[in-house]
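# Coordinate inspection notes
Chain residues, written in single-letter form:
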Amino acid sequence: MALSTGSNKIKTAVFISGAGSNLKNLIKFSNLKKSPISIDLIISDNLKADGLNYGKVFKIKRKIFNFKNKNKTEEKVISELKKDKINLICLAGFMKVLSKNFIKKFKGKILNIHPSLLPKYKGLNTHQRAIENNEKFSGCTVHYVNSKLDSGKIILQKKVIIKKNETQKSLAKKILTQEHKLYPKAVLKIFSL
Ligand code: GRF
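A quick note: this is a predicted structure, and the numbers were derived from the prediction, not measured.

The environment of the ligand is made up of A19, G20, S21, N22, G93, I113, H114, P115, L176 and E179. Take G20: an N or O atom from its main chain is 2.8 Å from an oxygen atom of the ligand. Take S21: an N or O atom from its side chain is 2.5 Å from an oxygen atom of the ligand. Split by residue class, the shell around the ligand holds four nonpolar, five polar and one charged.

For the structure on display, the rule yields four aromatic pairs. Measuring from centroid to centroid gives 6.3 Å for F15 and F102, while their planes differ by 65°, and the two rings are edge-to-face. Here F15 is found in strand β1 (residues 10–16), whereas its partner F102 is found in helix α4 (residues 100–105), with 87 residues between them in sequence. For F15, a relative accessible area of 0% puts it in the buried group. For F102, a relative accessible area of 0% corresponds to the buried category.

All told, the structure shown has eight salt bridges when counted by the stated rule. K61 is the partner of D84 in a salt bridge, and the nearest nitrogen-oxygen pair spans 3.0 Å. Of this pair, D84 sits in the loop between α3 (70–83) and β4 (88–91) while K61 sits in strand β3 (residues 61–64), and the two are 23 residues apart along the sequence. Between E135 and K120 there is a salt bridge, with its nearest N and O atoms 3.1 Å apart. With E135 in the loop between α5 (126–132) and β6 (137–144) and K120 in the loop between β5 (110–114) and α5, this pair connects stretches of sequence that are 15 residues apart.

Quick notes on the rules
- Once a new chain begins, its residue numbering starts again from 1 and follows that chain's sequence as written.
- The predicted nature of this model means local features are confined to residues of pLDDT at least 70 and side-chain atom pairs, given and counted, to a pLDDT of 80 or more, with totals for whole chains, interfaces and linings taken over all residues.
- Excluded from the side-chain calculations are hydrogens and water; all other atoms, namely the structure's heavy atoms, are used.
- Think of it this way: one heavy atom of a residue within 4 Å of a molecule or strand is enough to make that residue near it.
- Any pair of nitrogen or oxygen atoms within 3.5 Å is treated as a polar contact; in protein, a donor-acceptor pairing is required on top of that, and neighbouring residues in sequence qualify only through side-chain atoms on both sides.
- Basically, the charged four are Asp, Glu, Lys and Arg, the nonpolar ten are Ala, Val, Leu, Ile, Met, Phe, Trp, Tyr, Cys and Pro, and anything else, Gly included, counts as polar.
- Aromatic contacts are taken between Phe, Tyr and Trp rings whose centres are within 6.5 Å, Trp giving its six-membered ring; a plane angle under 30 degrees counts as stacked, one over 60 as edge-to-face, and the others as tilted.
- What counts as a helix is a DSSP run of H or I of at least four residues, what counts as a strand is a run of E of at least two, and both are numbered from the N terminus.
- Think of it in three bands: residues with accessible area under 20% of the maximum for their type are buried, residues over 50% are exposed, and the middle band is partly exposed, with areas taken using a 1.4 Å probe on protein chains only.
- Note on definitions: salt bridges are taken to be side-chain nitrogens of Lys or Arg within 4 Å of carboxyl oxygens of Asp or Glu.

Put into structure tokens, the structure is as follows:
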């Protein structure tokens with residue numbers, strides 16, 4: 001994909017459920033001249049997601065959907081994405097699993113960040129499982145989303161060391177710092193190919 005500049009940036013939606021630190025970081029990145037993307041829409045499945053505040057601060061459109069009826073909600077989400085001519089979706093701490101149908105419609109255009117060195121530790125509680133298994137390393141992965149959970153093609157990974165006295169909290173913090181560097185790098189990588 002070609003690198004876009006200025007107002008021709010690739011219109012991107014970020015999907016969140018919680019704190020939104022990756023969202024905040026992607027917004028900051030998107031405001032840099034070198035960024036190929038602009039963040040034009042924030043989708044949340046959680047009305048109380050703290051990350052929604054970044055939409056307010058940075059004046060980005062926010063939409064909240066409860067996903068109780070997944071098919072109907074996804075139809076509404078798709079129509080929002082179409083309305084705003086969204087061409088890239090970045091999942092960033094989004095806790096709902098998108099349907100195969102949704103993923104098919106945006107094939108190759110959905111990215112996710114996951115707090116483990118995939119293919120190890122797909123799904124939830126990655127830090128706890130890595131520590132319990134006495135892993136020496138963990139990390140984070142940015143990957144394309146396909147129909148299998150956390151299994152799409154890997155774009156970039158970053159390794160971190162798990163120390164002897166590491167706690168879930170300290171590991172999560174260490175990995176999150178790396179996530180904030182990795183997601184923009186991965187976006188740059190895919191659009192400069
Ligand atoms: C991150 O660790 C991300 O990898 C995982 O959920 C966390 C979201 O953090 N999927 P935040 O909401 O971006 O702060």
